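# What the coordinates show
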Amino acid sequence: MRGTRIEIRPGALRHNVRRAKALAEGAQVFAMVKADGYGHGLTVAADAMAGEVDGFGVAVLEEARALREHGVSTPILVAEGFFDRDELAQARALSLEVVVHSSWQVSLLLEDPGPLRIWLKLNTGMNRLGLRPDIAQEAAGQLAAAGMKPVGVMTHFACADEADDDRSDTQMRLAGEVAATLGLPLSAANSAALIRYPHTRAQRVRPGIMLYGSSPFDWQGAAQLDLAVSHRFSARLIAINEVQPGDTVGYGATWTAAQPGRIGVVAVGYGDGYPRHAPSGTPAAVNGQPTVLVGRVSMDMLTIDLNGIQADVGDEVELWGDEVDVDKVARACGTISYELFCQITGRPERTIA
Ligand SMILES: Cc1ncc(COP(=O)(O)O)c(C=O)c1O
């Protein structure tokens, strides 16, 4: 057995969603399970959180359909809404809540009226999806006149996870004004806002990354936020090599030994979804002992420093999880845990703990 493994922990997902619920203080909690439950498995994540949440959030209709086919009967919010008339019909048939973020969707609805739970998305400064507040108010009137009064308004924060965030307050104020004018519930908070800004909780929160045991913030770790590890990535040592000063390791000879030492070859690479751009110095752990990557990550293998470390061929190396904070690996790679979780391929064995 190669032993390259992702361990998913439903108990940790449940712990984390309860943390989100406690922070939400009575606001509805919609757990974001898009992108295959942030790489945890869509139905694994949904099953783990079922009974704890008011609904689930996905990005696209296929994800919502997969949840319904799995037997999920709670509300499901589709964050990108429908793409065409056929998807609109499916959204109705599957009793989904759809986000309406663009004028072309409003036009399509007016051409094809019918019952639908609509969350009108406001652009309050993210400038990605969403209607400008004045356009949104006009759209809400048109939709109401056609018998499709939206059930809520939502917005998304651009910088709630940034240390110097001078935007979230403005975004929240704008969204709050539209919600008050239309007399509709508001949903704004992602994980970062839910944890950091109590005044953004409004009527519904939409946490994602915190449910998956990762901190949205650079300056505060998941453990400090009392979030449990839900995704552990490990592999085995398949060779141990001696190196002498001046010896290089791996493709491109990017790392050179400064002293005599031992290098461990680990059976995991970018073919498994471990990031190829992880530089020398990226943290890992062997038998509970911290170490670092040396040399380039290749498709099926990577190499680690074993100097001063007790390790034998066959021993387990943790890439992230209990000993190695996924957020530290992400920072070393210049990315975020979201991407690390999502880019794991089908090759590692998956176990549910
Ligand atoms: C519309 C929307 N709401 C909520 C979330 C959850 O964000 P986070 O994972 O940062 O909590 C996302 C994720 O990107 C999103 O796109």
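Bear in mind that the values here come from a model prediction, so they are computed numbers and not experimental data.

On to the domain arrangement of the protein, then. With domains assigned, the protein is organised as domain 1 (10-212) and domain 2 (231-352). Once you take the C-alpha centre of each, domain 1 and domain 2 turn out to be 37 Å apart. On the domain 2 side, the residues contacting the nine residues of domain 1 number seven residues. A buried area of about 720 Å², summed over both sides, lies between domain 1 and domain 2, and 69% of it is on carbon and sulfur atoms. Considering only the surface of domain 1 that becomes buried against domain 2, Tyr-38, Gly-39 and Ile-209 emerge as the three largest contributors, covering 54% of it. Linking domain 1 to domain 2 there are zero salt bridges. If you look at where domain 1 meets domain 2, you find one residue pair in polar contact (both at pLDDT 80 or more). Sorting elements by how many residues they give to the side of domain 1 that touches domain 2 places helix H2 (residues 34-39) first, with three residues.

The biggest cluster of nonpolar side chains holds 99 residues, and the ones touching the most others in it are Met-49, Tyr-274, Ile-304 and Trp-320. If near-sequence neighbours (up to four positions away) are discounted, Ile-304 is found in contact with Leu-237, Arg-262, Ile-263, Gly-264, Val-266, Ala-284, Val-286, Thr-291, Val-292, Leu-293, Val-294 and Val-317.

All told, the structure shown has 21 salt bridges when counted by the stated rule. Put simply, Glu-349 and Arg-5 hold a salt bridge, and the shortest N to O gap is 3.1 Å. Here Glu-349, found in strand E18 (residues 349-352), pairs with Arg-5, found in strand E1 (residues 5-8); they are 344 residues apart in sequence, far enough to count as distant. Assessed through its relative accessible area of 22%, Arg-5 is described here as partly exposed. Across the pair Arg-232 and Glu-316 runs a salt bridge, and its minimum N-O distance is 2.7 Å. Note that Arg-232 is positioned in strand E10 (residues 231-243) and Glu-316 in strand E17 (residues 316-320), a separation of 84 residues in sequence. When its relative accessible area of 13% is taken as the criterion, Arg-232 is described as buried. Each of the salt bridges in this network shares a partner with another, and the network as a whole consists of Glu-7, Arg-9, Arg-232, Glu-316, Glu-318 and Asp-322.

This brings us to the packing of aromatic side chains. Applying the stated criterion across every chain yields a total of seven aromatic pairs. Between Tyr-38 and Tyr-212, the aromatic rings sit 4.6 Å apart at their centres with planes inclined by 15 degrees, giving stacked as the arrangement. Placement of the pair is Tyr-38 in helix H2 and Tyr-212 in the loop between strand E9 (204-205) and E10, with a sequence separation of 174 residues. Residue Tyr-38 shares its accessibility class with Tyr-212, and that shared class is buried. On the numbers, 6.2 Å between centres and 25 degrees between planes, the contact of Tyr-274 with Trp-320 is stacked. On the criterion of sequence distance, the pair formed by Tyr-274 in the loop between strand E13 (261-266) and strand E14 (283-286) and Trp-320 in strand E17 is long-range, its members being 46 residues apart. Site record: aromatic cluster; members linked through ring pairs are Tyr-38, Tyr-212 and Tyr-338.

Another point: the site of the ligand. Around the ligand, the neighbouring residues are Met-32, Lys-34, Tyr-38, His-156, Asn-190, Ser-191, Arg-206, Pro-207, Gly-208, Ile-209 and Tyr-338. One nitrogen or oxygen atom from the main chain of Gly-208 is found 2.9 Å from an oxygen atom belonging to the ligand. Compared with its free state, where it exposes 390 Å², the ligand has 90% of that area covered by protein. Its residues placed into classes, the shell around the ligand shows five nonpolar, four polar and two charged.

Attention shifts here to the side chain of Glu-63. Examined against the element boundaries, Glu-63 turns out to sit in helix H4 (residues 61-69). The buried charged residue Glu-63 lacks any salt bridge, with Lys-34 as its nearest oppositely charged partner at 7.8 Å. Of note is the side chain of Glu-63, whose polar atom sits 2.9 Å from the backbone nitrogen of Ala-35.

What follows concerns the packing of helix H1 (residues 10-24) against helix H3 (residues 42-49). When two helices pack together, their arrangement is given by the angle between their axes and by how far apart the axes lie. With their axes 8 Å apart at the nearest point, H1 and H3 run at an angle of 55 degrees to one another. Classified by the interaxial angle, the pair formed by H1 and H3 is oblique. In terms of crossing hand, the pair formed by H1 and H3 is right-handed. For the pair H1 and H3, contact is made by Pro-10, Leu-13, Arg-14 and Val-17 and by Ala-45, Ala-48 and Met-49, respectively. A breakdown of the residues in the contact of H1 with H3 according to their chemical character gives six nonpolar, no polar and one charged.

Calculation rules
- Residues numbered from 1 in each chain as written.
- Predicted model: local features only at pLDDT ≥ 70, side-chain atom pairs only at ≥ 80, totals over all residues.
- Heavy atoms only, no water.
- Domains from an automatic or database assignment.
- Contact = heavy atoms within 4.5 Å.
- Buried area = accessible area lost by both parts, 1.4 Å probe.
- Salt bridge = Lys/Arg side-chain N within 4 Å of Asp/Glu carboxyl O.
- Polar contact = N/O pair within 3.5 Å; in protein donor to acceptor, adjacent residues only side chain to side chain.
- Helix = DSSP H or I, 4+ residues; strand = E, 2+ residues; numbered from the N terminus.
- Core = buried A, V, L, I, M, F, W, Y, C linked by side-chain atoms within 4.5 Å.
- Buried < 20%, exposed > 50% of the residue type's maximum accessible area, 1.4 Å probe, protein only.
- Phe/Tyr/Trp six-rings, centres within 6.5 Å; stacked < 30°, edge-to-face > 60°.
- Near = heavy atom within 4 Å.
- Areas by Shrake-Rupley, 256 points an atom, 1.4 Å probe, with all protein chains shown as cover.
- Nonpolar A, V, L, I, M, F, W, Y, C, P; charged D, E, K, R; others polar.
- Lys, Arg positive; Asp, Glu negative; His and termini not counted.
- Axes fitted to C-alpha atoms, helices over the stretch in contact; angles between N-to-C directions.
- Parallel < 35°, antiparallel > 145°, perpendicular 65-115°, else oblique.
- Left-handed = near helix turned anticlockwise from the far one by under 90°.

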